[in-house]
Amino acid sequence: MTFPRTRMRRLRRTERLRGMVRETRLHRDDLILPLFVVEGHGVRSPISSMPGVHRFSVDQLVTECKEVADVGVPCVILFGVPDEKDARGSGADASGGITQRAVEAIKQQVPDLIVMTDVCLCEYTDHGHCGVVEGEEVVNDASVARLAATALSHARAGADIVAPSDMMDGRVAAMRTVLDENGFEEIPILSYAAKFASAYYGPFREAAESTPAFGDRRAYQMDPANGREALREMRLDLEEGADALMVKPALPYLDILSQARAEFDVPLAAYHVSGEYAMIHAASERGWIDGDRAMREALVGIKRAGADWILSYAAKDLAPTLD
Ligand code: PBG
Ligand code: ZN
C-alpha cells in the first residue's frame, strides 16, 4: 500500500504520538563521563578546546563525582595526567600514582559510582606514545607488560572496570591473566578494540598532554579506511577475554558499530571523542547550530547504530534531561 492510503505523517502529528513510535531513547544508564585528573589541590582548570570540560585535582574530582552520581550518570572513566613523565611511563603503574589516588578517593567517597580507568601509557611517557619506544618504534611485547602492570595497579586501587586504549596486540589476554592471577577475576575489561588513528583526538591531547613528541600513532591505531579489519580486532579481543568492546571515534565509524552489533552479543561502547564534542561547541558558539540539540542527535544516532554505552563529555549536562 502506498500513498494516499499510506501516510507516514499520521504518526508524527503530535509529540505524544511521536513519543509512542520513538524507537531509540537515550537513558542516563547509557552514559559514561570521561574525567581528567591532575596533581595539586583545589585545581579545576578549564580545557580551552573543550568548553565545559575541566581538569580536576583529586579533591575537586571527588566533588565533581558526587554531582555526577547525583544526576544519575552511573559511570566515569578516568584519565590521569601526571606531573612527571619518563621514557617507560613509570607513573602509569605507580601505587601512589595520580590515577590510583583518584580511584581510591572516589571509591571511598562516592562508592556507588562505577569507576572505570583508561589504561594507557601515553599520558605518562615523555615521548607521548602509548607504549615503550625503541628508537622511533613503539615495541609491542614490552609495552604489553607495562600495560598489564598498569591495569593491575588500577584494580588494586579499586577500579571497577579497566579499559585498555593502547592498541598493542595481545594486551587484553595479558591483562586478563595478570588480573586473574592476583585475585581480580571479577574485574571486567572494556577493550578499545576498534580504535582509529583519528584527527578527532586533538582536544584530548591538549587535556591529557599526550601528543606524541615524534611521529604519530598510525603504526598501532587503525587506518580509518578499514572496516573489516576493525571487526577482526574486535573478534580477537573477545577471544582474548574482553568483556565489552569499544569503537572509537563514534560518528565517522557508525557502520562498524552497527556491524559489530549484528555480530557480537557483548556490550558495545562508542566514544564520542573530544574533537566530535569540540566541533559541536565551536559551531554552537558561532550561532551556527543549536549545540544542545546537535549533541543529543549525535548521541541518539550512536545508540541507534548499536551502542549500549556512550562515552561523552556531555554526559553530566545531558543526564538531568533524560529518563
Ligand atoms: C590515549 C587515548 C586517547 C583518547 C582516549 N585515550 C588519545 C589518543 O589515542 O591519542 C582520545 C579521547 C578523545 O579524543 O576524547 N590512549
Ligand atoms: Zn595512549
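Look a little higher up for the structure.
All right, on to the overall build of the protein then. Of regular secondary structure, the protein possesses 11 helices and 12 strands. For 323 residues, the compact-globule estimate of 2.2 N^0.38 gives 20 Å, and the protein sits close to it at 20 Å. Taken over the C-alpha atoms alone, the protein extends approximately 70 × 45 × 40 Å along its principal axes. Counting across all 323 residues of the protein, residues that qualify as buried make up 52%. Sequence separation of 24 or more characterises 74% of the internal contacts of the protein that already satisfy a separation of 6 or more. Within the structure as shown, the protein displays about 14800 Å² of accessible surface, and the carbon and sulfur contribution to it stands at 49%. Mean positive and mean negative side-chain charge positions of the protein (37 and 50 charges, respectively) differ by 12 Å.

A few words on the side chain of Arg176. In this structure, Arg176 sits in helix H5 (residues 171–181). At 3.1 Å, the side chain of Arg176 forms a polar contact with the backbone oxygen of Phe184. Contacts of Arg176, omitting those with residues within four sequence positions, involve Phe184, Glu185, Ile187, Pro188, Ile189, Glu240, Gly241 and Asp243.

On to the packing of helix H2 (residues 58–70) against helix H3 (residues 98–109). At their nearest, the axes of H2 and H3 sit 9 Å apart, and the two run at 40° to each other. By the angle between their directions, the pair H2 and H3 is classed as oblique. Here the hand of the crossing between H2 and H3 comes out right-handed. On H3, the residues that touch Val58, Leu61, Val62, Cys65 and Lys66 of H2 are Ile98, Arg101, Ala102, Ala105, Ile106 and Gln109. Along the lines of polarity and charge, the residues of the contact of H2 with H3 split into 8 nonpolar, 1 polar and 2 charged.

This next bit is on the coordination of the zinc ion (ligand 2). Within the protein, the atoms that donate to the zinc ion (ligand 2) are Cys120 (SG), Cys122 (SG) and Cys130 (SG), at distances of 2.2 to 2.4 Å. Donor residues for the zinc ion (ligand 2), ordered by position in the chain, follow C-x1-C-x7-C. Across the pair, Cys122 and Cys120 agree in class, each one buried.

Cut-offs and rules
- Residues numbered from 1 in each chain as written.
- Chains lettered and ligands numbered in written order.
- Predicted model: local features only at pLDDT ≥ 70, side-chain atom pairs only at ≥ 80, totals over all residues.
- Heavy atoms only, no water.
- Helix = DSSP H or I, 4+ residues; strand = E, 2+ residues; numbered from the N terminus.
- Rg over C-alpha atoms; globule rule 2.2 N^0.38 Å.
- Buried < 20%, exposed > 50% of the residue type's maximum accessible area, 1.4 Å probe, protein only.
- Contact = heavy atoms within 4.5 Å.
- Areas by Shrake-Rupley, 256 points an atom, 1.4 Å probe, with all protein chains shown as cover.
- Lys, Arg positive; Asp, Glu negative; His and termini not counted.
- Charge placed at Lys NZ, Arg CZ, Asp CG, Glu CD.
- Polar contact = N/O pair within 3.5 Å; in protein donor to acceptor, adjacent residues only side chain to side chain.
- Axes fitted to C-alpha atoms, helices over the stretch in contact; angles between N-to-C directions.
- Parallel < 35°, antiparallel > 145°, perpendicular 65-115°, else oblique.
- Left-handed = near helix turned anticlockwise from the far one by under 90°.
- Nonpolar A, V, L, I, M, F, W, Y, C, P; charged D, E, K, R; others polar.
- Donors = N, O, S within 2.8 Å, 3.2 Å for Na, K, Ca; no water.

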